[in-house]
Amino acid sequence: MTVEQVEQGPRQVARTVEVPASAEDVFALVADPHRHGELDGSGTVGGTVSGPRRLTQGAKFSLAMKQFGVPYRITSTVTRIEDGRLVEWRHPAGHRWRWELTPLTPTSTRVTETFDYSTVPAVQGKVYELLGFPRQNAAGIEATLRQLASRSARA
């Protein structure tokens, strides 16, 4: 299993991996914010979640988080959703997280996760870069996708 870098455009950090699971199974996991902690490879997602069990367009969900040792809570809003194919939400700071699923076979899916900060003002994007968010998020995405692929292989 190899996690690969994907070029999505400026101010987007994306990685992809082939997962031994159906797109429907992966979508069920990604579209349930109560299960995001199962996916998280960054170590920032906590277990306290509020929101629907299945995300829909415009839905809001709230997660307990921890970064740099500081606990906090965020509420994100779903900006795009396509059943079995795509889930995207906007963080309160304006950047977006996107999961794209491409079925390869009935039991194999190409999963691409993207941290998209092209949606924030240029100054804010520069601050993200100075703080190392693109690099940190790339490492978190890679760990998340490895964990997803490994988990799916065991299932």
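Values in this document were obtained by computation on a predicted structure and should not be read as measured data.

J.: So what exactly am I meant to see when it comes to the overall build of the protein here?
T.: Secondary structure summary: the protein contains four helices and eight strands in total. Ordered by position from N to C terminus, the α and β elements of the protein give β-β-α-α-β-β-β-β-β-β-α-α. Taken over C-alpha atoms, the radius of gyration comes to 15 Å for the protein, in line with the 15 Å a tight globule of 155 residues would show. Across its three principal directions, the C-alpha atoms of the protein cover 45 × 30 × 30 Å. A total of about 7,800 Å² of accessible surface is found on the protein, and carbon and sulfur atoms cover 53% of it. Each charge class in the protein can be summarised by its mean position, and for the 19 positive and 16 negative side chains these summaries are 6 Å apart.

J.: When you look at the sheet that holds strand E7 (residues 96–105) in this model, what are you seeing that I'm missing?
T.: Sheet strands pair by backbone hydrogen bonding; their relative direction is either parallel or antiparallel. Read from one edge to the other, the open sheet built from eight strands follows the order E1-E2-E8-E7-E6-E5-E4-E3, with strand pairing classed as antiparallel. Of all strands in the sheet, those bounded by a partner on one side alone are strand E1 (4–6) and strand E3 (45–50). Between one strand axis and the next, the sheet turns by 25° as a mean value, whatever way the strands run. Relative to strand E5 (residues 70–82), strand E4 (residues 60–67) runs antiparallel, the two sharing eight bridges. When the sheet's bridge partners are listed, Ala64 is paired in E5 with Arg73. Along the sheet, helix H1 (residues 23–30) contacts strand E2 (12–19), E5, strand E6 (86–90), E7 and strand E8 (108–116); its crossing angle with E7, the most-contacted strand, is approximately 165°.

J.: Just to check I follow, could you spell out the pattern of salt bridges for this structure?
T.: Pairs can form between side chains of opposite charge once their charged atoms are near each other. If you walk through the whole model with that rule in mind, you get twelve salt bridges. Taking the shortest distance from any N to any O, the salt bridge between Arg35 and Glu38 comes out at 3.2 Å. Since its relative accessible area comes to 33%, Glu38 is described here as partly exposed. Glu82 is the partner of Arg80 in a salt bridge, and the nearest nitrogen-oxygen pair spans 3.3 Å.

J.: Would you take a moment to explain unusual backbone geometry for this structure?
T.: For residues besides glycine, phi is generally negative; the peptide bonds are generally trans as well. Despite not being glycine, Arg11 shows a phi value in the positive range, around 60°. Its location among the elements puts Arg11 in the loop between E1 and E2. The phi dihedral of Phe68 is positive, around 55°, even though this residue is not glycine. Residue placement: Phe68 occurs in the loop between E4 and E5.

Reading the values: rules and limits
- Residues numbered from 1 in each chain as written.
- Predicted model: local features only at pLDDT ≥ 70, side-chain atom pairs only at ≥ 80, totals over all residues.
- Heavy atoms only, no water.
- Helix = DSSP H or I, 4+ residues; strand = E, 2+ residues; numbered from the N terminus.
- Rg over C-alpha atoms; globule rule 2.2 N^0.38 Å.
- Areas by Shrake-Rupley, 256 points an atom, 1.4 Å probe, with all protein chains shown as cover.
- Lys, Arg positive; Asp, Glu negative; His and termini not counted.
- Charge placed at Lys NZ, Arg CZ, Asp CG, Glu CD.
- Pairing = 2+ DSSP bridges.
- Axes fitted to C-alpha atoms, helices over the stretch in contact; angles between N-to-C directions.
- Contact = heavy atoms within 4.5 Å.
- Salt bridge = Lys/Arg side-chain N within 4 Å of Asp/Glu carboxyl O.
- Buried < 20%, exposed > 50% of the residue type's maximum accessible area, 1.4 Å probe, protein only.

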